[in-house]
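One-letter residues, chain by chain:
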Amino acid sequence: MNYENIVTNIQGNVALVTLNRPEALNALSTPLTIELDDALGGFGQDGNIGAIVITGNEKAFAAGADIKEMANKSFVDCYMSNFITETWECVTQSRKPVIAAVAGFALGGGCELAMMCDFIIAANTAKFGQPEISLGIIPGAGGTQRLTRFIGKSKAMDMCLTGRMMDAEEAERAGLVSRIVSPESLIEESLKIAQTIADKSRPSTIMVKEAVNRAYETTLSEGIRYERRLFYSLFATEDQKEGMSAFAEKRPPRWQHR
Ligand code: DAK
């Protein structure tokens, strides 16, 4: 597929996906989400890729779903076409770690897209928000659910009811963002972090994702039981033998990803 709304690059074992509709602050139009879905699907299949970074530009990660595209839709249009639902699941369905590298606005669907990633690295210019209330709607791609899990009920209610924006420092304090970096180093730092992840054994990387994500979906005792099963299963991999031998022999591990 030829991409018109995103740009993809591969650096080392990391795929960088840049949202590329600067004239609309990277508003997430249907064509853009189709391209994102296609790109992430391809990187998921590519054995060379160990991690993915999604970013925007200096002014915006993404200012939301495309309001102009949505404006005239009716309930039946949205409901019967399952409006943009399928392509939006591409990030959460990726088995490879996906990092959101956010500078500028991450609003509405843009904030939701960032929250679908495994974690968020923010430039100190980042601004997060769920301003849908000001358009007469509510978040529709998980904003009320994921934001509440990230930052708790009080702040999530505040954000979703007032539509206010949160800066990077507040977002880090609240647990939405894992690290803050300078705008100039955002891509370089994010790629470096992604390469660190890509350098690990892939089976354990995928299992970390599965285990951490399970924490959001089950009870503590079930989650711990699930983690324990995954932990035991890794002793069936060549990489567990290699990792522990390499430690004892004081050398870097040579992962086979098996
Ligand atoms: N959609 C379309 N165009 C947008 C846009 C958006 N979300 N955000 C900005 N733009 C366009 C502007 O219309 C403008 O275009 P021109 O007028 O130049 O043609 C251009 O980008 C530059 O924007 P501004 O001139 O407004 O720039 P400013 O710096 O003055 O303001 C701003 C920046 C971010 C504060 C402002 O642009 C703004 O408030 N934007 C809208 C933010 C917003 O309300 N976002 C939430 C959208 S609703 C779902 C999945 C997702 C969703 C729903 C369902 N399903 C899976 C079912 C998501 C919904 C949403 O995100």
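Scroll up to find the structure.
Our subject in this report is the structure included herewith. (Residues numbered from 1 in each chain as written. Predicted model: local features only at pLDDT ≥ 70, side-chain atom pairs only at ≥ 80, totals over all residues. Heavy atoms only, no water.)

### Comments concerning unusual backbone geometry
Although it is not a glycine, Asn82 adopts a positive phi angle of roughly 50°. Among the secondary structure elements, Asn82 is positioned in the loop between helix H3 (75-81) and helix H4 (85-88). Looking at Asn82, the relative accessible area reads 37%, which means it is partly exposed. Positioned with a positive phi, Lys250 is a non-glycine residue whose angle comes to about 55°. Position of Lys250 among the secondary structure elements: in the segment after helix H13 (238-248). We classify Lys250 as exposed; its relative accessible area is 77%. (Helix = DSSP H or I, 4+ residues; strand = E, 2+ residues; numbered from the N terminus. Buried < 20%, exposed > 50% of the residue type's maximum accessible area, 1.4 Å probe, protein only.)

### Quick word on the site of the ligand
Not every one of the 26 residues close to the ligand is listed here, only the nearest: Lys59, Ala63, Ala65, Lys68 and Gly109. A distance of 3.5 Å separates an oxygen atom of the ligand from a polar atom in the backbone of Glu23. The contact in question runs from an oxygen atom of the ligand to an N or O atom on the side chain of Lys68, over 2.8 Å. For the shell around the ligand, the secondary structure elements donating two or more residues are helix H2 (67-70), H4, strand S6 (105-107) and helix H6 (109-116). Here the shell around the ligand takes three residues from H2, the largest share from any one element. Looking at the shell around the ligand, its residues break down into 15 nonpolar, five polar and six charged. (Near = heavy atom within 4 Å. Polar contact = N/O pair within 3.5 Å; in protein donor to acceptor, adjacent residues only side chain to side chain. Nonpolar A, V, L, I, M, F, W, Y, C, P; charged D, E, K, R; others polar.)

### What to know about the sheet that holds strand S9 (residues 165-167)
Spatially, the four strands line up as an open sheet ordered S4-S6-S8-S9, and their pairing is mixed. Of all the strands in the sheet, just strand S4 (60-62) and S9 have a single pairing partner and so form its edges. Strand after strand, the sheet turns through a mean of 20° between neighbouring axes, direction not considered. Looking at chain direction, S6 and strand S8 (residues 127-129) are connected through three bridges and run parallel. Each bridged residue has a counterpart across the sheet, and for Ala106 the counterpart in S8 is Phe128. (Pairing = 2+ DSSP bridges. Axes fitted to C-alpha atoms, helices over the stretch in contact; angles between N-to-C directions.)

### Brief notes about the packing of H6 against helix H7 (residues 143-151)
Here H6 crosses H7 at 55°, and the two axes come no closer than 10 Å. Taken as axis vectors, H6 and H7 run oblique relative to one another. Between H6 and H7 lies a crossing of left-handed hand. Along its contact with H6, which presents Glu112, Met115 and Met116, the element H7 presents Gly143, Arg146, Leu147 and Phe150. The residue makeup of the contact of H6 with H7, split by class, is four nonpolar, one polar and two charged. (Parallel < 35°, antiparallel > 145°, perpendicular 65-115°, else oblique. Left-handed = near helix turned anticlockwise from the far one by under 90°. Contact = heavy atoms within 4.5 Å.)

### Focus: H6
Counting buried residues in H6 gives eight out of eight residues, a clear majority hidden from the surface. If you check which residues of H6 are buried, you get Gly109, Gly110, Cys111, Glu112, Leu113, Ala114, Met115 and Met116.

### A word on the nonpolar core
Ranked by size, the top nonpolar core spans 47 residues in total, and within it Ile54 and Phe128 carry the most contacts. Setting aside anything within four residues of it in sequence, one finds Ile54 in contact with Val17, Leu19, Leu36, Leu40, Phe61, Val91, Val98, Ile99, Ala100, Ala101 and Cys117. Counting residues in hydrophobic clusters, the runner-up holds 16 residues, among them Ala51, Ala123, Leu186 and Leu191. (Core = buried A, V, L, I, M, F, W, Y, C linked by side-chain atoms within 4.5 Å.)

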